[in-house]
Structure formats: C-alpha cells, structure tokens
Amino acid sequence: MVKGFFKVPKAVNEPVKGYAPGSAERAAVLAAYKQLWNAPVEVPLYIGAEEIKTGKTSEMHPPHDHQHKLGVYHNAEKKHVEQAIAVALEARKRWAALPWEERASIFLKAADLIAGPYRARMNAATMIAQSKTVHQAEIDSACELIDFLRFNVAFMADIYAEQPASSEGVWNRVEYRPLEGFVYAVTPFNFTAISGNLPASAALMGNVVIWKPSASQVFAANMLMQVFKEAGLPDGVINFVNGDAAMITDTLLASPHFAGIHFTGSTHVFQDIWKKIGNNIHTYRTYPRIVGETGGKDFIIAHPSAHAQEVATAITRGAFEYQGQKCSAASRVYLPKSKAQEILDLVKKDVLSFKMGSPEDLSNFITAVIHEASFDKLAKYIDQAKKDADAEVFVGGGYDKSKGYFVEPTVIVTTNPKYTTMETELFGPVVTVYVYEDDKWSETLRLVDETSVYALTGGVFSQDRYALSEALRVLENAAGNFYVNDKPTGAVVGQQPFGGARASGTNDKAGSAQNLLRWVSPRLIKETFVPPVDYRYAFLSE
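Residues numbered from 1 in each chain as written. Predicted model: local features only at pLDDT ≥ 70, side-chain atom pairs only at ≥ 80, totals over all residues. Heavy atoms only, no water.

Asks: Describe the overall build of the protein, and please don't skip the residues or the numbers.
Replies: Of the regular secondary structure elements, the protein holds 16 helices and 23 strands. For the protein, whose C-alpha radius of gyration is 25 Å, the value lies close to the compact-globule estimate of 24 Å for 542 residues. The dimensions of the protein, computed from C-alpha atoms along their principal axes, are 85 × 70 × 50 Å. In the protein, which comprises 542 residues, the proportion classed as buried is 56%. Within the protein, contacts between residues at least 6 apart in sequence are counted, and of these 76% link residues at least 24 apart. Counting every atom, the protein has about 23000 Å² of accessible surface; 52% of that belongs to carbon and sulfur. If you average the places of the 55 positive and of the 60 negative side-chain charges in the protein, the two averages end up 3 Å apart. (Helix = DSSP H or I, 4+ residues; strand = E, 2+ residues; numbered from the N terminus. Rg over C-alpha atoms; globule rule 2.2 N^0.38 Å. Buried < 20%, exposed > 50% of the residue type's maximum accessible area, 1.4 Å probe, protein only. Contact = heavy atoms within 4.5 Å. Areas by Shrake-Rupley, 256 points an atom, 1.4 Å probe, with all protein chains shown as cover. Lys, Arg positive; Asp, Glu negative; His and termini not counted. Charge placed at Lys NZ, Arg CZ, Asp CG, Glu CD.)

Asks: So what's going on with the packing of helix 3 (residues 100-115) against helix 7 (residues 218-230)? Residues and values would help.
Replies: Contact pair helix 3 / helix 7: the axes reach a minimum separation of 8 Å and the direction vectors enclose 125°. In terms of their interaxial angle, helix 3 and helix 7 are classed as oblique. With respect to the hand of their crossing, helix 3 and helix 7 are arranged in right-handed fashion. Counted together, F107, K109, A110, L113 and I114 of helix 3 and V227, F228 and E230 of helix 7 form the full contact between these two elements. For the contact of helix 3 with helix 7, the residue count by class is 6 nonpolar, no polar and 2 charged. (Axes fitted to C-alpha atoms, helices over the stretch in contact; angles between N-to-C directions. Parallel < 35°, antiparallel > 145°, perpendicular 65-115°, else oblique. Left-handed = near helix turned anticlockwise from the far one by under 90°. Nonpolar A, V, L, I, M, F, W, Y, C, P; charged D, E, K, R; others polar.)

Asks: Please provide a residue-by-residue account of the UniProt feature "domain: Aldehyde dehydrogenase" (unreviewed entry) in the protein, values included.
Replies: When the UniProt feature table is mapped onto this chain, "domain: Aldehyde dehydrogenase" (unreviewed entry) is found at residues 56-514. In this annotation, residues 56-514 is assigned 42% helix and 19% strand; the end-to-end C-alpha distance for the span is 40 Å. (UniProt positions renumbered as here; feature names shortened; annotations may be inferred.)

Asks: Now, about the sheet that holds strand 12 (residues 298-302): what can you tell me, with residues and values included?
Replies: Across the sheet, 7 strands lie side by side as 14-17-18-13-12-20-21; this open sheet has mixed pairing. Of all the strands in the sheet, the pair left with one neighbour each is strand 14 (391-395) and strand 21 (481-484). Taken over all neighbouring pairs, the strand axes of this sheet differ in orientation by 20° on average, direction set aside. One ladder, built from 4 bridges, connects strand 12 with strand 13 (residues 330-336); its direction is parallel. Along strand 13, the bridge assignment pairs I300 with V333. In the packing of helix 15 (residues 465-474) onto the sheet, the strands contacted are strand 20 (457-461) and strand 21, and the crossing angle to strand 21 comes to about 170°. (Pairing = 2+ DSSP bridges.)

Asks: Can you lay out the packing of helix 3 against helix 6 (residues 192-204) for me, pointing to particular residues and giving the numbers?
Replies: Closest axis-to-axis distance for the helix 3/helix 6 pair is 10 Å, and the angle between their directions is 155°. Compared by their axis directions, helix 3 and helix 6 come out roughly antiparallel. Judged by residue contacts, R103, A104 and F107 of helix 3 engage A200, A203 and L204 from helix 6. Residues that form the contact of helix 3 with helix 6 fall into these classes: 5 nonpolar, no polar and 1 charged.

Asks: Can you tell me about the nonpolar core, naming the residues and giving the values?
Replies: It is characteristic of soluble globular proteins that their nonpolar side chains tend to be buried jointly. Grouped together as the largest cluster of nonpolar side chains are 107 residues, with contacts concentrated most on F107, M205, W211, F228, I238 and I261. Filtering out sequence-adjacent residues up to four positions away, F228 remains in contact with F107, A110, G196, A200, W211, L233 and I238. Membership of the second largest hydrophobic core comes to 32 residues, among which are I301, A391, L426 and A479. (Core = buried A, V, L, I, M, F, W, Y, C linked by side-chain atoms within 4.5 Å.)

Asks: Outline the side chain of R103, supporting the account with residue identities and numerical values.
Replies: Assignment of secondary structure puts R103 in helix 3. Buried charge R103 goes without a salt bridge, the closest partner of opposite sign being E101 at 7.6 Å. Side chain to side chain, R103 and Y160 meet in a polar contact 2.6 Å long. With residues up to four places along the chain from it excluded, the contact list for R103 reads W95, A96, L98, M156, Y160, A203, L204, M205 and G206. (Salt bridge = Lys/Arg side-chain N within 4 Å of Asp/Glu carboxyl O. Polar contact = N/O pair within 3.5 Å; in protein donor to acceptor, adjacent residues only side chain to side chain.)

Asks: I'd like a description of unusual backbone geometry, backed by residues and values.
Replies: Of note, Y19 is a non-glycine position whose phi angle comes to about 60°, a positive value. You can see Y19 is positioned in the segment before helix 1 (24-37). For Y19, a relative accessible area of 5% translates into the label buried. Phi at Q323 is positive, roughly 55°, even though this residue is not glycine. Among the secondary structure elements, Q323 is positioned in the loop between helix 10 (308-320) and strand 13.

Asks: Tell me what's going on with the pattern of salt bridges, and back it up with residues and numbers.
Replies: According to the stated counting rule, one finds 22 salt bridges in the structure shown. Among the ionic pairs, D140 bridges to K132, the shortest N-O distance being 2.8 Å. Both residues of the pair, D140 and K132, belong to the buried class. Via salt bridges that share partners, E14, D112, R119, E138 and R150 belong to a single interconnected network.

Asks: Give a description of the packing of aromatic side chains that names residues and reports values.
Replies: If you walk through the whole model with that rule in mind, you get 19 aromatic pairs. Taking the centre distance of 5.4 Å and the plane angle of 55° together, the rings of F258 and Y284 count as tilted. You can see F258 sitting in strand 10 (residues 258-264) and its partner Y284 sitting in the loop between helix 9 (267-279) and strand 11 (289-293), a full 26 residues away along the chain. Overall, Y284 belongs to the buried group, its relative accessible area being 8%. With centroids separated by 5.1 Å and ring planes inclined at 25°, the aromatic side chains of F263 and F270 adopt a geometry described as stacked. F270 carries the same exposure label as F263, and that label is buried. A connected cluster of aromatic rings, assembled from ring pairs, spans Y46, W211 and F240. (Phe/Tyr/Trp six-rings, centres within 6.5 Å; stacked < 30°, edge-to-face > 60°.)

Asks: I'd like a description of the sheet that holds strand 4 (residues 57-60), backed by residues and values.
Replies: Taken in spatial order, the 3 strands of this open sheet run 1-5-4, and their pairing is mixed. A strand with exactly one partner marks an edge of an open sheet, and here the two such strands are strand 1 (41-43) and strand 4. The sheet shows a mean angle of 25° between the axes of neighbouring strands, direction not considered. With 4 bridges connecting them, strand 4 and strand 5 (residues 71-74) associate as antiparallel partners. Counterpart to E59 in the pairing with strand 5 is V72. Set on the sheet, helix 7 makes contact with strand 1, strand 4 and strand 5; between it and strand 1 the angle comes to about 75°.

This is how it looks when you write it as structure tokens:
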C-alpha cells in the first residue's frame, strides 16, 4: 500500500565518456573486449526462473571477424513459447499489483549498474557482436540505455500524477492499469539501447513481456538479462526467447492473452505482423496495442545559402557512422548546383581519411556491416551503380568479406532523382546525392516529400530563414524527427523523442511519456460522497 506521494530522482542525460588515450574508461573497455572475445558463452532461454538449454543451437560470430566463434544461443521450440506465455501470465498477478515505486527502483538500479560495473562489459559486448566503434557503443549501450531507464521512471511518475478535475461532492481519479495480458517485444540488432528499452518500458508500467531479440544481437541482449536480474526484476516479468521468428510470432499472436507488440525492425515484417493481428482480432480479450518503428530513407537537403563544410560534415557523420546501419541514417541528399562540387569534395576528403577495421582498434571510424546478407545486398547496389548511365560512384565502392563484412563508405551521384538508391532503404554505408538547380528549391522540397514511402528523419541546411520556414511547411509530414542545420541522426532521450510515420512506423516516440501511455489502460474512478436519493431533477418540480 502506498504511504506517500513519492518523488523520483531527477532524470538527467548520462555524460558520454571520451575514451581518450590514457583514460581509465579506454583501458577498461579494451580489457573487457579481450575478456569477452576469449570467453565463449552459451545463451539459454530465460523463462521465469528457468534457464533453458534446448540443445538446438545457433552460433554467434562478430561481423568484423566472421570465423571467430563467440559462443552459441539456444533456440526455442513451440512448447517453450507456450511455456513463456503461461509463466508471464502467472507472474503478472504479483507484478501488476506491485506498487509503482518498487518497479521504479528496479529499473533505476539497472541504470546505475550499466553506468557503473557493467559499463565496460556492455560496451565491449556491443562492439564485438554488432561491430560498433567505442564511441557508437558508448552513446548506445551505455548512455542511451541509461537515459531510457531513468527518464522512463520520471515519465511514469508524471503520467501517474496527471489527474482529472473534481467537482463539488465528487472525487475523480484515474489509475493507469497495465494491459490485460502480455506484451511481445521484438528488438533489432543495431541498438542495444532499443533492445533493452522495448521490453523494459512495457514492464516498468506493470506489464509482463516476452522478448525476442535479433539473432545478431543476442550476445549483448544476454548481458541485459543479467543486468535486469541483478537489479531485482522478478522471475517471469521479462521472458527471453530466441529461435524461428515466424514460429515465435505466430504462437504468441495466436494467444487470446496477447495484449500488445513493441517492435523495432523491418517494415515488411511489421506489416505482416499487423496483418496477422488483424486476422486474429476475434481471438483477443482486448484490442492489442501495436507500436512499431521500422524503416527510413532519410534525407538531407541543402539550400544554396548553406555553409558547405557544415553540410559535408553532416553527410559524413549522418551517412557513415555505424556504417549507416541506423534507421535515421542519411541515405539521400539534395545539393544545390552552386555548392554541390565543393560539398562533395569535402565529403570525399573525409571518406578518404577514414580508417576501417576491427572496433578493437580505437582509431577505426568504420567497421563491418552486420552479416553476409547485408553485405551481399549492398555490394549488388554498388555494382549496379557502377554500370548505370544515370549514376556514378563518386568515392568508395569497394567491399571485401574474406575476413569480415567490410563495405567501403560509398557516395553515389545520380542525375535521376528517383534512382533506385534514392528510394530503396539499403541500411549500410551508401549515400546517394542528387544535384538540383539553385532556382528549383521549392520544386526540390516537393520532390523530397514525394520520393520515399518513409517519414522517419530528415535535415535541412540553410542560412535563409524564409527557405527554412518553407522547408518546415512543405516537409511537415516527411519526417517525424526533423533537424535544422544538423544531421538527421543522434536523437537524445528526454530531448528529441524519436519516431516517424508513413511506412516508418506508428510514431509513438520512444524516450517520451507518449510511448509509455501505450502500455497502460486508464481506469476512471468517480466517487460521489453523498449520493442523491430522489430521481427527480429541479425541472420536474411544479
């Protein structure tokens, strides 16, 4: 029973460590990298209190050295998924009834564990299994994940504090109940922070979760489960299953207790899941919450008044950090003819200065793409651009998978604004540039809006305020996160709530109270202190 109006600790963004030569954090992460690299792991299913080893295993390999074996993870059979449903529903009885401040304490402790004793190991795991540089790992698996956990607690407190007005003789109050059933969390390979946040945010609000991480992210996801357990998360609240994605999804969506999905991944997979939910709608006890963040074909457009160096740096960072494997990565660029060559030459200078290789070498800016299928897809599009008359590879274009899945950062310049790589999501270090006539600014804005089915992120560069205002108006629906004179990546929890619309998802804004509201079902309670005893209203009086 609550015995106070509790105020949670103020949420502030976790400072990003620099990993400069000679720093303590640099030594710690390299030591953790070496230890994890040389200690193969066996990842079980986590269902309730059990760690289940099915014997049906898949191997884990780092993308930058695909012959090195990191260990194995066990794959679930249908019976294990059904077991997870039963265990989650049983755990819900106590978890949903637990006072909110007790739930808050668990996830605040998890944040402190990641900020402290787990920081180097969490970053090293992400560097190894997802081929992230130390900086990309730090802003993801440390800082962003810590921010999600801490800010979500603060957002939860704000939600609970939001109460309706009461009139004379009446007390109105709202309680924010967890959903009736379980939530299915499906998480991607590219961000450990997202992998932790999708199950944790739903669980924080009192829900029980069945979590399927990406097969390419199991190595770090396993460590997240260890953090949650050490933080005191009760057994059965978050259940961790790996295996055949279609089988797991079909089994969970067939349950009448399916109450929602928290998804980040590919657009077509999310659309297929939505269709299955619709087909099963008569099965469910409640209408499921469908929350998803999917693809992007994110843009940068520069006005003739833009500063060339600023635009070039935005392209270099926005397109090539983490090998372009961010749903927010810049992948199509529109440059004015008067500035295009200067900007392209600056980008080329940057690209030629990149070092590429293992993330263990902290001087590398580029590492490998996630797996062979991604490598082959990117190579196909690069080769096609080399052949097509309406495209040219301006810089980059090389690739090699003999040791790791390495693709050179590549800039394609096209004379066709609807060229395939201007429209197709590639999810790699490839950016395509279209050069427009300076006096075609307004027409080009409309082109940006109409070219892609996605609407996740975008950025505009201009020193002309009228041009900026026009861009903000014309591109109103083209990006859920819109950047003025900045690259379209790097959203910070609590500052830039993240999500997009159109084919990019439901725009429920991870890192905000809007997202947490999807995981509760409000109940209004009206209490009348002195109820009436006569049905007659005043207008009936004689």
